[in-house]
Every structure is written in structure tokens, then in C-alpha cells.
Amino acid sequence: MSNPRGDDTPLAKGRPSRLAGPVLAGVLPKQPGTVVEKAAEVALSAGLELVLAFADVTNFPAAGDRDGHLAAQPIDPDGIDDDAAAISESLQSRIADQLRGTAVQWSFVTLAGEPARSLGRYAASINASMIVVGTKEHGLGPRFEGLVTGSVALHLAHRQNCPVLMVPLGRHDASRDQ
């Protein structure tokens, strides 16, 4: 049997290894369900657990907290955004509704801090097989936000040791590619 390059040289390590760690997916409150759907498909196909993570930017990881999950401190101790817990609970409830009736084993965590960094730290801490995130949505608002904050997907793709699956969000107009 030949490999995809068309020659008969063996793959680098002989045989491809099975994915072992969970699939980690970054999720947002108003994000289309496509990211959860694709992450669930990958996890179910590979027989892996799915971990869905929401990065709360109103908190930051406490000193000594390596994964941004266990000990977080609010950016504003007076609680300028008291809705953070409600947002996380609402998101988890929406995901539970979306995954109800599927065979995928899943869990939900709320991380602290900038999304790319917190997802990257958490992926390393759980030995994730891959990270699944959505791309920026199309339109002026998301485009401006991307100029200011950058893309979580691109930050992860450039700084992770595990694969990053970028799920396109919104419709792409191929006529604008010319």
C-alpha cells in the first residue's frame, strides 16, 4: 500500500497513531451551533470525549494557575460584569439542548482570560488531541473586531502543538475572491 505522496516510503513513525486526548472546542454565547456540531462529529468519530470551553474575558487566571480553569480572579473586583456566571450557564444549557440525544460524551468548562491563551493552556493541561474553534464571522463588525483583537483561530494555529480545526462561520461569497 502506498502513502499519499505516491511512493512506498513508510510514514515517519511507521503507522499513524490513534487520537487519545479529548477534543477541546472553544465556544461563544452568540456563536452559530456549527462549531459544537463539528466538534461533536470529530469526537464521536474518534471515540473521544468532547470538552467545550468558554473563555470569560472578565476574569484572569490567578497566579500559579497553569490552565486558567481552577482559580480565576475578576478583572474588576467590584463586579462590573456580574452576568459572567449567567452567560456561562446559559451557554452550557444551549449546548446541552444541542447535544441531547447524541452519543457523544461531553463536559463544559469556563476558562479565565484571553481566549487563545486560555484555550491553549487548557488544551495542554488535558492533553487535548485537537482544538476546534470557529472562524470570524463575515461582516463589518467582526472584521473591525478582528483588526483590533486578532483571530483566536490564527493565534492558536501558530502557537499550539496539537492540531487546530477552524470551522467556517457565515457564508462565504466566492465572487469576492477575484
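Summarised in this report is the structure supplied together with it. Given the structure is predicted, the values throughout are model-derived calculations rather than measurements.

1. Focus on the packing of helix H3 (residues 115–125) against helix H5 (residues 152–159)
Close contact between H3 and H5 brings their axes to 9 Å; oriented N to C, the two are set at 40°. Compared by their axis directions, H3 and H5 come out oblique. Pair H3 / H5 crosses with right-handed handedness. Between H3, through Pro115, Ala116, Leu119 and Gly120, and H5, the contact on the second element is made entirely by Val152, His155 and Leu156. The class makeup of the residues in the contact of H3 with H5 is 5 nonpolar, 2 polar and no charged.

2. Some remarks on unusual backbone geometry
Even without a glycine there, the phi angle at asparagine 127 is positive, about 55°. Along the chain, asparagine 127 turns up in the loop between H3 and strand E6 (130–134). Classification of asparagine 127 by relative accessible area gives exposed; the value is 58%.

3. Some thoughts on H3
Along H3, the residues that are buried comprise Ala116, Ser118, Leu119, Gly120, Tyr122 and Ala123. Lining the buried residues of H3 we find strand E1 (23–26), strand E2 (50–56), strand E5 (106–112), E6 and H5. Two to three positions downstream of the cap, the backbone nitrogen of alanine 116 sits 3.2 Å from a side-chain oxygen, assigning the N-cap of H3 to glutamate 114.

4. Focus: helix H1 (residues 34–46)
Over its 13 residues, H1 runs 18 Å from end to end, which matches the ideal 18 Å to within 8%, given 1.5 Å per residue. For H1, every residue scored as buried is listed here: Val35, Val36, Ala39, Ala40 and Ala43. Down the axis of H1, the buried side of the element spans an arc of 125°, and every buried residue falls inside it. Along its buried surface, H1 packs onto E1, E2, helix H2 (84–99), E6 and strand E7 (164–167). Of the residues one or two after H1, glycine 47 is the one with positive phi, at around 70°.

5. Some thoughts on the side chain of serine 88
Tracing the chain through its elements places serine 88 in helix H2. For serine 88, the contacting residues outside a window of four places in its chain are Phe54, Phe108 and Thr110.

6. Some words on the packing of H1 against H2
Two elements in contact, H1 and H2, have axes separated by 11 Å at closest approach and are oriented at 55°. Taken together, the axis directions place H1 and H2 in an arrangement best described as oblique. Note that H1 runs across H2; the crossing there is right-handed. In this structure, H1 uses Val36, Glu37 and Ala40 to contact H2, whose residues at the interface are Ile95, Gln98 and Leu99. Looking at the contact of H1 with H2 residue by residue, the class counts come to 4 nonpolar, 1 polar and 1 charged.

The rules we used
- Residues numbered from 1 in each chain as written.
- Predicted model: local features only at pLDDT ≥ 70, side-chain atom pairs only at ≥ 80, totals over all residues.
- Heavy atoms only, no water.
- Axes fitted to C-alpha atoms, helices over the stretch in contact; angles between N-to-C directions.
- Helix = DSSP H or I, 4+ residues; strand = E, 2+ residues; numbered from the N terminus.
- Parallel < 35°, antiparallel > 145°, perpendicular 65-115°, else oblique.
- Left-handed = near helix turned anticlockwise from the far one by under 90°.
- Contact = heavy atoms within 4.5 Å.
- Nonpolar A, V, L, I, M, F, W, Y, C, P; charged D, E, K, R; others polar.
- Buried < 20%, exposed > 50% of the residue type's maximum accessible area, 1.4 Å probe, protein only.
- Polar contact = N/O pair within 3.5 Å; in protein donor to acceptor, adjacent residues only side chain to side chain.
- Expected span 1.5 Å × (residues − 1).
- Arc of directions from axis to C-beta.

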